[in-house]
Amino acid sequence: MNIFQMFAPQADSDQISTSSLEFSSSDDESLSPDKYSQRDSLYKFRMFHFKEVGPFHTGDKPKPRSGHRIVHYKGRIYSFGGYNPAIEHDDPDLQDDEFWQESKPLFKELWELNLTTAQWTKCLMKGDIPEQLASHTAVSHPLDPGVMLIYGGTGAPFGLTTSNTVIACHLDTQEFKKIVTQEGDGHPMALYGQAVVTDSKGLFFTVGGTSGFHYFMDVNMLDLSCSPPVWTSLYRLSGARDEPEPRYRHELCLWDSKLYVLGGGTSFSADRFEDLPTFDIKERRWYNTRTKADQEATIDNVRGHAATINIFTNHVNSPQSDDGYPEARRCHSTAQIADQVWVFGGYDGDDVFGDAWKLDLSTLQWSRLKMELP
């Protein structure tokens, strides 16, 4: 299993500039020793350099999977759930797993990866462990980073059992506990494939998702600072102008009291990235935000970017962007630090993408990173 680690300092938004966020290769001329003093040469900090962690030759490690979710805490990555129908029911590595026979082809597992030792450990879970183990969401609790919040998701077959319960997993003890919320009209529907994001004040936002039969784009907010936490419905689609298409397997980022929706789609479609559906939290309205293309990543300026592979034909597609934007996709991943957002991989129904992009929310400029996912 390949895990990529992104090294970046925790900087305030006004400390980040576009010029300092370039992907750094090992032969970067800017790191030449003659440009630094002897002391400076000992500390060559390369912003956003991507490095493979591993390989993992010894000990247990997770089976290959999709649909799982991860969080980071104290130098460790925690991975919960996932799905792999190709794993045999009598796989010898899972014969002692107390949950496998009931959960297969879903993984009722919590794994911990120590990024210092590159060692995987299978956690001993206890408590209210969710049954919805694929296409759920997981984020760190904004007021208690030692707690992973798991929300939404589906069991198998997909859409048969869905969830609108928030589960708190205390990572130090691996204990799961349902969060009891105040009764009210703001509680969201039980869906999977929704996207969530939190802010520093304890607000938890969720957008979109599917029941397995219908797609939605409702916006709900959970205030975790209240006791008990309170759900509020911020928006339900009504057919008004500028409302986005309902979707699932999209991603969210939050900046300046606005929720930006990145990609997503349905089982038969994928959404693009030129105009981002944007929800103004204060005004409670949808509109589109136009972004700027990376002119260096267009079809006329290809310079070693990653290709895509058609999963049905194994045909390798041309390694470029037609117009300087990420290709339409769903099932991608994102990471956000202040006003910088990264998009990794994804799938459009035919092709699995191996590229990575960065969006600067302060300028709305896309940049394609010079790297290729495994």
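Residues numbered from 1 in each chain as written. Predicted model: local features only at pLDDT ≥ 70, side-chain atom pairs only at ≥ 80, totals over all residues. Heavy atoms only, no water.

Draft legend 1. How the structure looks around the overall build of the protein chain. Secondary structure summary: the protein chain contains one helix and 27 strands in total. Taking as baseline every contact in the protein chain between residues at least 6 positions apart, the subset at least 24 positions apart corresponds to 56%. Carbon and sulfur atoms provide 48% of the accessible area of the protein chain, an area that totals close to 18900 Å². (Helix = DSSP H or I, 4+ residues; strand = E, 2+ residues; numbered from the N terminus. Contact = heavy atoms within 4.5 Å. Areas by Shrake-Rupley, 256 points an atom, 1.4 Å probe, with all protein chains shown as cover.)

Draft legend 2. Fine view of empty space enclosed by the protein. Under the definition given, this model contains one cavity of 30 Å³ or more. Considering the residues around the largest cavity, the lining is formed by Tyr151, Pro188, Met189, Leu191, Gln194, Thr206, Val207, Gly208, Phe216, Asp218, Asn220 and Arg236. Within the residue set of the lining of the largest cavity, elements represented by two or more residues are strand 13 (203–210) and strand 14 (215–223). (1 Å grid on protein atoms, 1.4 Å probe; cavity = no way out; pocket = protein on both sides within 12 Å on 5 of 7 lines; lining within 4 Å. Points joined across faces, edges and corners; volume = space filled by probe spheres on them.)

Draft legend 3. Broad picture of the pairing of strand 8 (residues 137–141). Burial runs high along strand 8: four of the five residues are buried. With five bridges connecting them, strand 8 and strand 9 (residues 144–151) associate as antiparallel partners. By the bridge assignment, His141 is partnered in strand 9 with Asp144. Hairpin connection between strand 8 and strand 9: a loop of two residues separates the two successive antiparallel strands. (Buried < 20%, exposed > 50% of the residue type's maximum accessible area, 1.4 Å probe, protein only. Pairing = 2+ DSSP bridges.)

Draft legend 4. Here's a closer look at the packing of aromatic side chains. Summed over all chains, the structure comprises 14 aromatic pairs. When the ring of Tyr151 is compared with that of Phe204, the centres are 5.7 Å apart and the planes differ by 85°; the resulting orientation is edge-to-face. One end of the pair, Tyr151, is in strand 9; the other, Phe204, is in strand 13, with 53 residues separating them in the sequence. Pair check on accessibility: Tyr151 and Phe204 agree, each one buried. Clustering of aromatic rings is evident, with ring pairs tying together Tyr83, Phe158, Tyr192, Tyr215 and Tyr248. One cation-aromatic arrangement involves Arg65 over Phe107; the distance from NZ or CZ to the ring centre is 4.0 Å. The side chain of Arg329 reaches across the aromatic face of Phe353, ending 4.2 Å from its centre. (Phe/Tyr/Trp six-rings, centres within 6.5 Å; stacked < 30°, edge-to-face > 60°. Lys NZ or Arg CZ within 6 Å of the ring centre and 35° of its normal.)

Draft legend 5. View of the side chain of Arg247. Residue position: Arg247 is located in the loop between strand 15 (230–235) and strand 16 (251–255). Arg247 gets classed as buried once you look at its relative accessible area, which sits at 4%. Within polar-contact distance, the side chain of Arg247 engages the backbone oxygen of Glu245 at 3.0 Å. Residue contacts for Arg247: discarding those within four places in its chain leaves Gly208, Gly209, Tyr215, Phe216, Met217, Val261, Gly263, Gly264, Gly265, Asp271 and Pro277. (Polar contact = N/O pair within 3.5 Å; in protein donor to acceptor, adjacent residues only side chain to side chain.)

Draft legend 6. Molecular detail of the side chain of Asp294. Secondary-structure assignment places Asp294 in the loop between strand 21 (285–290) and strand 22 (308–310). Here Glu296 takes part through its backbone nitrogen, which lies 3.0 Å from a polar atom of the side chain of Asp294. Contact partners of Asp294, with chain neighbours within four places excluded, come to Gly324, Trp357, Gln365, Trp366, Ser367 and Arg368.

Draft legend 7. Molecular detail of the pattern of salt bridges. Inspection of every chain in the model, using the stated rule, returns 16 salt bridges. Across the pair Glu131 and Lys108 runs a salt bridge whose closest N-O atoms are separated by 2.7 Å. On the criterion of sequence distance, the pair formed by Glu131 in the loop between strand 7 (126–127) and strand 8 and Lys108 in the loop between helix 1 (100–103) and strand 5 (110–114) is long-range, its members being 23 residues apart. Of the residues examined, Glu131 reaches a relative accessible area of 47% and is grouped as partly exposed. Glu283 is paired through a salt bridge with Arg285; the nearest N and O atoms lie 2.4 Å apart. (Salt bridge = Lys/Arg side-chain N within 4 Å of Asp/Glu carboxyl O.)

Draft legend 8. Main features of the nonpolar core. Formed by 19 residues in total, the largest nonpolar core has its most connected members in Phe80, Leu110, Met125, Met148, Leu171 and Phe176. Counting only elements with at least two residues in this core, the list comes to strand 3 (69–73), strand 4 (76–80), strand 9 and strand 10 (166–170). The residues contacting Met148, other than those within four sequence positions of it, are Val71, Phe80, Leu110, Ala138, Val139, Ile167, Ala168, Cys169 and Leu171. Core analysis: the next-biggest nonpolar cluster, separate from the first, contains 17 residues, Ala195, Val207, Met217 and Leu234 among them. (Core = buried A, V, L, I, M, F, W, Y, C linked by side-chain atoms within 4.5 Å.)

Draft legend 9. Expanded view of the sheet that holds strand 26 (residues 356–360). Ordered by their spatial adjacency, four strands build an open sheet running 23-24-26-27, and the pairing between neighbours is antiparallel. Strands at the two margins of the open sheet, each flanked by one partner only, are strand 23 (333–337) and strand 27 (365–368). Direction aside, the axes of adjacent strands within the sheet are offset by 20° on average. (Axes fitted to C-alpha atoms, helices over the stretch in contact; angles between N-to-C directions.)

Draft legend 10. Region of interest: the pairing of strand 16. Buried residues dominate strand 16, accounting for four of its five residues. Bridge analysis of strand 16 against strand 17 (residues 258–262) gives five bridges, and the strand direction is antiparallel. Of the residues in strand 17, the one forming a bridge with Trp255 is Lys258. Connecting strand 16 to the next strand, strand 17, in antiparallel fashion are two residues, including Asp256 with a positive phi near 55°.

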